[in-house]
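Summary of the model geometry
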Amino acid sequence: MSEKTRPEVLDEVNAILESEGLPKWDSLKRIGRYRDGEFEITGVSHVVRDLKQYYVIIIFNVLRPDGSVGQYGVRATRRLPTCVVMIAGEEILFIQQHRPACGRWMNELPRGWIEPANAAAHAGGASHALLEREVGTQWVQSLDKTDPILLGSVWEDTGTRMDQVQIYLVETSRTPSDPPKHKGHVRPRLYSWQRVHELVDEGVINDQTTITALYKVERFLANRSAVGRDQG
């Protein structure tokens, strides 16, 4: 059997992506080229779908940079990986929840996967859909909040993940009431910036999505403040 051409490989990959509800690739560069020191995709071996509630795993046939033949698996989801930095007055909203993967309660920014249809049904998009799911519709809708600001989309794991996390900033004046102490299996909490920094230093806040989002929002706020001083 003759080897597939690069356009044929791209068509094969896109057929799989489309069947899984994932964005299609629009460039042959996405296939890679081993002669340039890249992993070159030569076809799709198979797809693991028994985890489809969360994600699918696509196993590619590849040529490694050294020219040897192998396989490479990546994970993807058709949902929208989303993280929200909600600043309420001088405090930041966090979620405490038990994470089976690490066997402990974690302090994290609100994050999760949102169905595209659910995001489209909310005026604030994926960010407000996530907040209402994590903290409760009544509390979120009671806030005098601004429109969400997309701070960027970042790769969570460039080794195994094909999707990026969307990081949003949502700001509100001082909350009319504290968030509920319990919302299902999660425990909303409000921390001052000083307490957040202490918990990062202590290793209590210790997941990469949260730490990345905190860095992104602090850079955004610093730049906004600098612009305000320049214009003042």
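Residues numbered from 1 in each chain as written. Predicted model: local features only at pLDDT ≥ 70, side-chain atom pairs only at ≥ 80, totals over all residues. Heavy atoms only, no water.

1. A closer look at the sheet that holds strand β3 (residues 69–76)
Within the open sheet, the 3 strands sit side by side as β1-β2-β3. Their pairing is antiparallel. Edge positions in the sheet fall to β1 (40–48) and β3, since each of these pairs with one other strand and no more. Within this sheet the neighbouring strands show an average axis-to-axis angle of 30°, counted without direction. Sheet topology places strand β2 (residues 56–63) next to β3; 8 bridges connect them, and they run antiparallel. Across the sheet, residue F60 finds its bridge partner in β3, namely Y72. Docked against the sheet, helix α1 (residues 6–19) engages β1 and β2, running at close to 25° with respect to β1. (Pairing = 2+ DSSP bridges. Helix = DSSP H or I, 4+ residues; strand = E, 2+ residues; numbered from the N terminus. Axes fitted to C-alpha atoms, helices over the stretch in contact; angles between N-to-C directions. Contact = heavy atoms within 4.5 Å.)

2. Considering the pairing of strand β4 (residues 80–88)
By the criterion of burial, β4 is predominantly enclosed, with 8 of the 9 residues buried. For β4 and strand β7 (residues 111–114), the ladder comprises 4 bridges, and the chain directions are antiparallel. Paired with P81 across the bridge in β7 is W113. Summarising the sheet, β4 and strand β9 (residues 164–172) pair through 7 bridges and their orientation is parallel. Residue pairing across strands places C83 opposite I167, the latter belonging to β9. With 2 bridges connecting them, β4 and strand β5 (residues 91–99) associate as antiparallel partners. (Buried < 20%, exposed > 50% of the residue type's maximum accessible area, 1.4 Å probe, protein only.)

3. A few points about the side chain of E40
Secondary-structure assignment places E40 in strand β1. Given the relative accessible area of 11%, E40 is considered buried. Only 3.0 Å separates the side chain of E40 from the backbone nitrogen of Y34, close enough to count as a polar contact. Aside from chain neighbours lying at most four places away, what touches E40 is R6, I31, G32, R33, Y34, N61, V62 and L63. (Polar contact = N/O pair within 3.5 Å; in protein donor to acceptor, adjacent residues only side chain to side chain.)

4. Observations regarding the packing of helix α5 (residues 193–201) against helix α6 (residues 208–231)
Taken N-terminus to C-terminus, the directions of α5 and α6 make an angle of 140°; their axes are 13 Å apart at the nearest point. By the criterion of interaxial angle, the relationship of α5 to α6 is oblique. Considering how the two elements wind past one another, α5 and α6 form a crossing that is left-handed. Contact with α5, carried on its side by W193, V196, H197 and V200, involves L214, V217, E218 and L221 of α6 and no other residues of that element. Here the contact of α5 with α6 is built from residues that sort into 6 nonpolar, 1 polar and 1 charged. (Parallel < 35°, antiparallel > 145°, perpendicular 65-115°, else oblique. Left-handed = near helix turned anticlockwise from the far one by under 90°. Nonpolar A, V, L, I, M, F, W, Y, C, P; charged D, E, K, R; others polar.)

5. What to know about the environment of V69
Relative to the helices and strands, V69 is located in strand β3. Judged by its relative accessible area of 66%, V69 falls in the exposed class. In sequence terms V69 and T42 are 27 residues apart; their C-alpha atoms lie 9.5 Å from each other. In this view, V69 contacts V62, L63 and R64; residues no more than four positions away in its chain are not counted.

6. Brief notes about the packing of aromatic side chains
For the structure on display, the rule yields 4 aromatic pairs. With centroids separated by 5.9 Å and ring planes inclined at 45°, the aromatic side chains of W25 and F60 adopt a geometry described as tilted. Here the residue W25 occupies a position in the loop between α1 and β1, and F60 occupies one in strand β2, the gap between them amounting to 35 residues. Per residue, the accessibility class of W25 equals that of F60, and both read buried. Ring centres of Y55 and W113 lie 6.2 Å apart, and the angle between their planes is 80°; this geometry places the pair in the edge-to-face category. Taken together, the positions of Y55 in the loop between β1 and β2 and W113 in strand β7 put the pair 58 residues apart, joining distant regions of the chain. Owing to a relative accessible area of 25%, W113 belongs among the partly exposed residues under this scheme. Above the ring of W25, the side-chain terminus of R30 is found at 3.9 Å from the ring centroid. Its end group placed over the ring of W105, R187 keeps NZ or CZ at 3.8 Å from the ring centre. (Phe/Tyr/Trp six-rings, centres within 6.5 Å; stacked < 30°, edge-to-face > 60°. Lys NZ or Arg CZ within 6 Å of the ring centre and 35° of its normal.)

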